[in-house]
Amino acid sequence: MRIAVLSNVTSDMIAAELQKKAEVYVPAGFNTWQSEIRDEGSLLFSFCPDSISLILHADASKRVWEEDSFLLDRVSEWCTSIELMMDRFSQTTVFVIFTEGYRFPCQIGSGENVAASARTLIWETVNKLHKDGFLIYMIPISEMASELGLDSFYSKKMWYMGSIPYSVSGNKRISDEILRYIDAVKGRKKKCLLVDLDNTLWGGVIGEDGIEGIALSDSGIGAPYKDLQRLLRRMREQGVLLAILSKNNESDVAPVFSHPDMILKREDFVAECIGWSEKTDDIVEISEELNLALDSFVFLDDNPVEREKMRAVHPEVTVIDLPVDPAEYPSTVSKLYEEFFFTLDITAEDVGKTTMYHAERERSRTRARTGSLDDYIRQLEMVIDIHVMRADEIKRVVHLVNKTNQFNLTTRRYSEQDILSIHRQEFETIFTIQMSDRFGDLGLTGVLIIRRENKTAYIDSFLLSCRVMGRSAENEILACVKQWLRRVGVIRVSASYYRTEKNAPVHNLYDRMGFKLVRINHEGENNEQRVYECGVEELVESTGLYQEVRWEC
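What you see is a predicted model, and the numbers here were worked out from it, not measured in a lab. (Residues numbered from 1 in each chain as written. Predicted model: local features only at pLDDT ≥ 70, side-chain atom pairs only at ≥ 80, totals over all residues. Heavy atoms only, no water.)

## As for the layout of surface pockets
And step 1. The space that makes up the largest pocket amounts to roughly 910 Å³.
And step 2. In terms of lining, the largest pocket is formed by 30 residues, of which the most central are Glu143, Arg180, Tyr181, Glu338 and Phe342.
And step 3. Going through the elements one at a time, helix 6 (110–131), strand 5 (136–138), helix 7 (141–148), helix 10 (168–185), helix 12 (223–237) and helix 16 (329–341) are the ones with two or more residues in the lining of the largest pocket.
And step 4. Top contributing element to the lining of the largest pocket by residue count: helix 16, with 6 residues.
And step 5. Of the residues belonging to the lining of the largest pocket, the class tally is 14 nonpolar, 6 polar and 10 charged.
And step 6. As a volume, the second largest pocket reaches approximately 580 Å³.
And step 7. Within the residue set of the lining of the second largest pocket, elements represented by two or more residues are helix 18 (353–369) and helix 20 (394–403).
And step 8. Here the lining of the second largest pocket gets 5 residues from one element, more than from any other, and that element is helix 20.
And step 9. Residues of the lining of the second largest pocket, tallied by class, amount to 8 nonpolar, 10 polar and 9 charged. (1 Å grid on protein atoms, 1.4 Å probe; cavity = no way out; pocket = protein on both sides within 12 Å on 5 of 7 lines; lining within 4 Å. Points joined across faces, edges and corners; volume = space filled by probe spheres on them. Helix = DSSP H or I, 4+ residues; strand = E, 2+ residues; numbered from the N terminus. Nonpolar A, V, L, I, M, F, W, Y, C, P; charged D, E, K, R; others polar.)

## Some remarks on the sheet that holds strand 4 (residues 93–99)
Two modes of strand pairing occur in sheets, parallel and antiparallel, and in both the strands are linked by backbone hydrogen bonds.
And step 1. Read across the sheet, 5 strands follow the order 2-1-3-4-5 without closing on themselves; strand pairing throughout is parallel. Among the strands making up the open sheet, the edge pair consists of strand 2 (23–25) and strand 5. Between one strand axis and the next, the sheet turns by 20° as a mean value, whatever way the strands run.
And step 2. Summarising the sheet, strand 3 (residues 51–57) and strand 4 pair through 7 bridges and their orientation is parallel. Each bridged residue has a counterpart across the sheet, and for His57 the counterpart in strand 4 is Thr99. (Pairing = 2+ DSSP bridges. Axes fitted to C-alpha atoms, helices over the stretch in contact; angles between N-to-C directions.)

## Section: the sheet that holds strand 8 (residues 271–275)
And step 1. Ordered in space as 8-7-6-9-10, the 5 strands form an open sheet in which the pairing is parallel. Whereas interior strands pair on both sides, the edge strands pair on one side only; in this sheet they are strand 8 and strand 10 (318–321). Strand after strand, the sheet turns through a mean of 20° between neighbouring axes, direction not considered.
And step 2. With 5 bridges joining them, strand 7 (residues 241–247) and strand 8 adopt parallel strand pairing. Along strand 8, the bridge assignment pairs Ser246 with Ile274.

## Looking at the pairing of strand 10
And step 1. With 4 bridges connecting them, strand 9 (residues 297–301) and strand 10 associate as parallel partners. Residue Asp301 lies in a different strand from strand 10, and its bridge partner there is Asp321.
And step 2. The parallel pair strand 9 and strand 10, bridged by helix 15 (residues 304–313), forms a crossover whose chirality is right-handed. (Right-handed = clockwise from strand over helix to strand, strands pointing away.)

## Comments concerning the confidence of the model for the protein
And step 1. This prediction gives the protein a mean pLDDT of 90; 95% of its residues lie at or above 70.
And step 2. Low pLDDT, under 50, characterises residues 103–110; the stretch is placed with 8 contacts to residues that sit more than four places away or in other chains. (pLDDT = per-residue confidence, 0-100. Contact = heavy atoms within 4.5 Å.)

## Structural notes on the packing of helix 7 against helix 10
And step 1. Contact geometry of helix 7 with helix 10 gives a least axis separation of 11 Å together with a crossing angle of 135°. Taken together, helix 7 and helix 10 sit at an angle that is classed as oblique. In this structure, the crossing between helix 7 and helix 10 has a hand that is right-handed. On helix 10, the residues touching Ile141, Met144, Glu147 and Leu148 of helix 7 are Ser169, Gly170, Arg173, Ile174 and Glu177.
And step 2. Among the residues making up the contact of helix 7 with helix 10, the classes are represented as 4 nonpolar, 2 polar and 3 charged. (Parallel < 35°, antiparallel > 145°, perpendicular 65-115°, else oblique. Left-handed = near helix turned anticlockwise from the far one by under 90°.)

## Quick word on helix 19 (residues 373–380)
And step 1. Every buried residue belonging to helix 19 is among Tyr376, Ile377 and Leu380, and all of these are buried. Burial along helix 19 is one-sided: seen end-on, the buried residues are contained in an arc of 95°.
And step 2. Lining the buried residues of helix 19 we find helix 18 and strand 13 (428–437).
And step 3. Looking one or two residues past helix 19, Glu381 carries a phi angle of roughly 55°, positive in sign. (Buried < 20%, exposed > 50% of the residue type's maximum accessible area, 1.4 Å probe, protein only. Arc of directions from axis to C-beta.)

Written out as structure tokens, the structure is:
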């Protein structure tokens, strides 16, 4: 990972922290970031950064103390340079950190208004570029400063001695935040939060205290629990799956969802295990029901005994230590969101994810009532839409590429800039797969990346979301691709299967799709690559089981 740190102040301490995790480039000289961007022969261009962190401080020139208009003119110039940077580094992720500068009492009034206008100029520029499809994000510094406290985050002494605005702790906090944002762009996050009920979502034990005796309110001892539920609902709205894992009588729990202060409703949870079996067993049941690996889960429980059992039996599950004081619950959950579920962009699939899982439960019930797999697919009334990736699908594609494990033939991971780069190549094509059935829209559930050289096509990546596995979608996809390959003059297709710990379900997929195994490459004990080839005419045909197949290219 290569990170460039550009700034109009001294950023060596931030760069030093980042160097512990990445290769870092800092331009020589002080405040040379704009010349680095303008000069295509600069070392910044030869460094080829994966991401750029641009750290700007309004007080870098003392003229901002003397002329209000100077700050706005300077920030306007910065915005022009940022636009040029995105034009020249269109496939690079850029993070902008803007510090307004120190606000002293004598600056209250016009100085405060000018500072706010400067901040607005930066935000508007970044937001416009982001909406235009560039990989640029604002990292809000005020939240970091508030977390540490202004006196702990900034350092007046370091500022006057070496043009370093931030303290040692502040520099460390900024570098950590940069790395967290980089992880978010790469899609590294968990999928499901498992929550206990008694003394977690509400205060008290429902089986003993009854619905009138639990603590859940807007004020007093019940307020932290209600705020916790507000946070969980917000997380659900941003694509985090919620599930219940509680030792309780279901008949005692059911009435609580009608409590006037209960924020979360039953439909907010994609799964629940309420009973007296061991939670270490129940999580396996939920894992199988949702078709998610255990390392996708975060476990939230007030009981330290249950937490230690989970750690001992399922070390791959992330277990959160809830503090003894419920007043700390909301801030603890807020931090776990930032660490494990944080994302920079909310997709339509994220917003509707819980609804999708409820629909999946109905599909499972239909499957249980149906004899053959073919009859089941027909009863679903499946519709599949296959087309070249559109601009508004990029973020979902990145998420799928980086999080799909079971139906993933090569498990190649690509960043957002990688996907953009592939998309812009003349002989590389990214196909996206959207699916729906009579129970609802399944969303964008598949990605197929094909590279062409002369008359041969190479399948770089082929993956489908676990929620559409077992519905013969792969047959319909490759049958449509077969038509496209004919049209573009391809006569042979090559594909690879890289074996991993999780993609065993597709180990023989290419054998079933008309391919022939030509060789097996071994790279170490557990790394196996199977290489397949076939003629275009040998590829599989449509099953005829889908109600409608839409194909655009």
